[in-house]
Amino acid sequence: MAFRDVNARRHIGLQQLSALASTGRTFLGPMKSHKFIVDEITKQSTLICSAVRLLESLDLTSAAGQLLNETIQAQNKEFKTGMSTLLFLVGAWSSAVMECLQQNVPVPAIVSVMSEGLNSCCERVQCLQIPIHDVKKELCSSRLRPKAFESKNGQAGRDALTNPWDLLCFQRDISAAEEVIPVNSYSHQGDDCNFNKLLVSPLAGFGSVASVVKAAGDKSSSALSGSGVTASSCITQKLTHSRHFSTLGKGRSASLQGNFQGHLSGPAADVCGCCGLGHLAVALSHGNQTSVKLLQSVAAHQQERAECSGSSQVNIAEIVTCCVLGLPESYSCVSPGLVTLVSPEQASVIKHLADKPLRVLLMDGDLTEGYRHLGFNRPPNVRSILERPSPQGGRAGDAWPSRMLDILMSFEVNLVLVKGNVCKNFMERCVASRILVLGCVARDVLCAFGAATGARAVTYLSQLNASSVGSGAWAELWKSSDGRAVDLGELLPARISAGGTLLTAVLTTALPCKARLLEDQFWTLLYRLHHALKDGKVFPGGGAVELLCLSHIQALAEQPGRPGSDRVARELPGPWLAQYKPIVLQALASGWRRYLSVLLCNTARASSELEAGASVDLHLQKAAACGSPSAYILEEFRRGGVLRSGSEPFPEQVTDVRVCDNVAAKTEAWRRALDLVLLVLQTDAEIITGPRRNQILNSTVSSEFMFL
């Protein structure tokens, strides 16, 4: 047996990585281009705009494709964000490594120099990290101010960089004409009735007056009654290319919201709701307005709890989602309690139980006759034919449902939440007895209802006793923002509430193919906010961090010192490593350059990659002339974006919201991308067995093989 490293022209693994990654280049940046995925069997289409859904839809039969999918899934499982960056960099660095191989650069040199170069980048960009405390303080109190921190000759000096955040001024104009995501709160509990007030009350925690910047040329302003908050309004034109993706008109939206008492309305409504977390959610939203408004409502509700507990974390365990089809997206809202889809038969039970306090039972498992808990050991060599004969002589399958129903009725239980599946026959009997049974309920939801009602979860109904049953829950059909119950045919949305901390983000859409997309976008933004608070810091977005990495790698390539491990220094002679170091570092830098170029093209700031590359080079020259690339990048970020073009309006002022990125998610996406490329580079080998061994041994290329 013998094997040899596949040469540059036959390095199939890297070629497959590059080809697979190229399919997701339109997902990079805030202005993503959606893709339709059509199932060959069902012929149903799904709208996607994430790397996770893309790879799930592809037939990945190659080893490189499987490794790429596992890497993307690992990133998604841990962070729920950064997958598009990971996918793009895998393709960019795969192409860069193949170029190194074409120049006969040894594999150990590529692995060592690229690894050390990325480590150096991760250390270099730490100066761009912005503390969350400063972010929220500046977002709530900063006003629009002219260009600052300039030296007399107009360039940002090195001495101006005393605190990275001092170079930034976060603020935006809040358009009062925009639609407001309502908070649906039809409940019998006092906590739910106060839910609406939480949207405004957190503003007081950040000072008596929270100013909102007024855009240039905007002459209309108004004030919230009873507060010192001033809001400006401006009329912006929106271009919609399809009636399916457009929201309700402003007049229609205002009329619907005017009759609803569960959300902010009127021209003076503060869209951000919660002054601290709300503005931070806007900075992390990357332009996703629908999800950010929902998250602002969630943050406003959780703000009072966070202040009382002294924690600023967003509790993801208290948040669930429910997709309701057939309604416009403007009906999306946040409702206290659990909103889920039920059958028409269950809806009739809910109507019967309306305005009645419910006794709650929680089941930690399946509600079926054959279910046994994890770890249950059945007696060996024993088969149960019939556990208990029916004295009435009925069917054998009716005995268990009848006994379980008798247990529920003896304890007057009328609401059962089951973690797993529910027996269909038993479900029908419960509906006939006016008992509402909901299956496939998440564990976090069971815990929330247990804390609110005092119920304790049981594994089997035979374990039920009086102390296991909770009370104080309410059930009703979910109502839209105009106060009408929604009847969509097969499945109807219902709301179960117990006055606890559980929240449901109700995502409405008229397109079934868009339901998963909206849900993915909401969870992505929620986890961005969660990780930002967990890290305690954020990165400036819009390509700022990648531009500093590109500048830093190019500077390293010009330095005489060499990044690389001691092992590689021993394996390769000094002149060789010095010769290969600039080539490998330039290849690493080419990945950042392609990233920034595609980002500019996707955001319509450049018409081609050639024009985008020229813009990136111009910013690199300005950063080098400044003397401190980090100071230049932060100053450009304060002005409105690092990769802005000179033709943009008001170039000397902050005219838009700043975009932020997660620190840990971004750097981990870089590391995972490079680790995958280098793994495929080192393991992509050609295995040769059989009679060809002697032929190869006697050939002129025998030196390229290692014989085993």
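Residues numbered from 1 in each chain as written. Predicted model: local features only at pLDDT ≥ 70, side-chain atom pairs only at ≥ 80, totals over all residues. Heavy atoms only, no water.

It is worth spelling out the overall build of the protein at this point. Helices and strands together make up the secondary structure of the protein, namely 22 helices and 19 strands. Taken as a whole, the protein presents about 32,700 Å² of accessible surface, with 51% of it coming from carbon and sulfur. (Helix = DSSP H or I, 4+ residues; strand = E, 2+ residues; numbered from the N terminus. Areas by Shrake-Rupley, 256 points an atom, 1.4 Å probe, with all protein chains shown as cover.)

The subject of this paragraph is the sheet that holds strand β9 (residues 338–342). Remark on secondary structure: sheet strands pair via backbone hydrogen bonds, oriented parallel or antiparallel. What the 6 strands build is an open sheet, ordered β9-β14-β13-β10-β11-β12; its pairing is mixed. Strand pairing shows two members of the sheet lacking a second neighbour, β9 and β12 (436–438), which therefore form its edges. With direction set aside, neighbouring strand axes in the sheet form an average angle of 35°. When β9 meets strand β14 (residues 492–497), the two strands line up antiparallel, connected through 5 bridges. Bridged to V339 within β14 is R495. (Pairing = 2+ DSSP bridges. Axes fitted to C-alpha atoms, helices over the stretch in contact; angles between N-to-C directions.)

Of all hydrophobic cores here, the largest spans 89 residues; its most connected members are L14, L68, W93, I110, M114, W592 and W670. When residues no more than four places from it in sequence are discounted, the contact partners of L68 are L17, L20, L55, L87, V90 and L676. Formed by 34 residues, the second largest nonpolar core is a distinct cluster that contains A283, C323, A515 and W523. (Core = buried A, V, L, I, M, F, W, Y, C linked by side-chain atoms within 4.5 Å. Buried < 20%, exposed > 50% of the residue type's maximum accessible area, 1.4 Å probe, protein only. Contact = heavy atoms within 4.5 Å.)

In space, the 3 strands of this open sheet follow the order β7-β15-β8, with mixed pairing throughout. Each edge of the open sheet carries a strand with a single partner, namely β7 (319–325) and β8 (333–336). With strand direction ignored, the average angle separating the axes of adjacent strands in the sheet is 30°. With 7 bridges connecting them, β7 and strand β15 (residues 503–509) associate as parallel partners. Its bridge partner lying in β15, T321 is registered against A505. Against the sheet, helix α15 (residues 515–535) touches β7 and β15, its axis set at about 160° to β7.

Applying the stated criterion to the full structure yields 12 salt bridges. With a closest N to O distance of 2.5 Å, E609 and R25 form a salt bridge. Taken together, the residues E609 in helix α19 (residues 609–626) and R25 in the loop between α1 (12–22) and β2 (35–38) connect sequence positions 584 residues apart. We classify E609 as partly exposed; its relative accessible area is 35%. (Salt bridge = Lys/Arg side-chain N within 4 Å of Asp/Glu carboxyl O.)

This part is about unusual backbone geometry. Keep in mind that most residues, glycine aside, have a negative phi and that most peptide bonds are trans. At K80, a position not held by glycine, the phi torsion is positive, near 65°. Looking at K80, the relative accessible area reads 25%, which means it is partly exposed.

Take the pairing of strand β11 (residues 415–418) next. Residues in a regular strand project their side chains so that they alternate between the two faces of the sheet. Here β11 shows two buried faces, one formed by L415 and L417 and the other by V416 and V418. Two strands pair when backbone bridges link them, and strand β10 (residues 358–363) and β11 are joined in this way by 4 bridges, in the parallel orientation. Across the sheet, L362 pairs through a bridge with L417, a residue of β11. With helix α13 (residues 424–432) bridging β11 and its parallel neighbour β12, the resulting β-α-β unit is right-handed. (Right-handed = clockwise from strand over helix to strand, strands pointing away.)

What follows is about the packing of helix α16 (residues 544–558) against helix α20 (residues 629–639). Where α16 meets α20, the closest approach of the two axes is 10 Å, and the angle between their N-to-C directions is 160°. On the basis of the axis angle, α16 is roughly antiparallel to α20. Regarding α16 and α20, the two cross each other, and that crossing is right-handed. Contacts between α16 and α20 involve A544, L547, L548 and S551 on the former and, on the latter, P629, S630 and I633. (Parallel < 35°, antiparallel > 145°, perpendicular 65-115°, else oblique. Left-handed = near helix turned anticlockwise from the far one by under 90°.)

Now for the environment of V584. Within the secondary structure layout, V584 lies in helix α18 (residues 574–602). For the pair V584 and I110, spaced 474 residues apart in the sequence, the C-alpha separation amounts to 6.0 Å. With sequence-adjacent residues up to four places away left out, V584 is seen in contact with C100, V105, A109, I110, V113 and M114.

In the structure shown here, the tally under the stated rule is 7 aromatic pairs. For the pair Y371 and Y460, a centre-to-centre distance of 6.2 Å together with 50° between the ring planes defines the contact as tilted. A residue pair is termed long-range when its members are at least 10 positions apart, and Y371 in the loop between β10 and α12 (399–410) and Y460 in the loop between α14 (443–453) and β13 (470–477) qualify at 89 residues. Here the basic side chain of K35 rests over the ring of F27, its NZ or CZ set 5.8 Å away from the ring centre. Between the NZ or CZ atom of K80 and the centre of the ring of Y527, over which it lies, the distance is 4.9 Å. (Phe/Tyr/Trp six-rings, centres within 6.5 Å; stacked < 30°, edge-to-face > 60°. Lys NZ or Arg CZ within 6 Å of the ring centre and 35° of its normal.)

On to the environment of V663, then. Within the secondary structure, V663 sits in helix α21 (residues 663–683). Looking at V663, the relative accessible area reads 8%, which means it is buried. Apart from the residues lying within four places of it in its own chain, the contact partners of V663 are Q129, D535, K537, V538 and F539.

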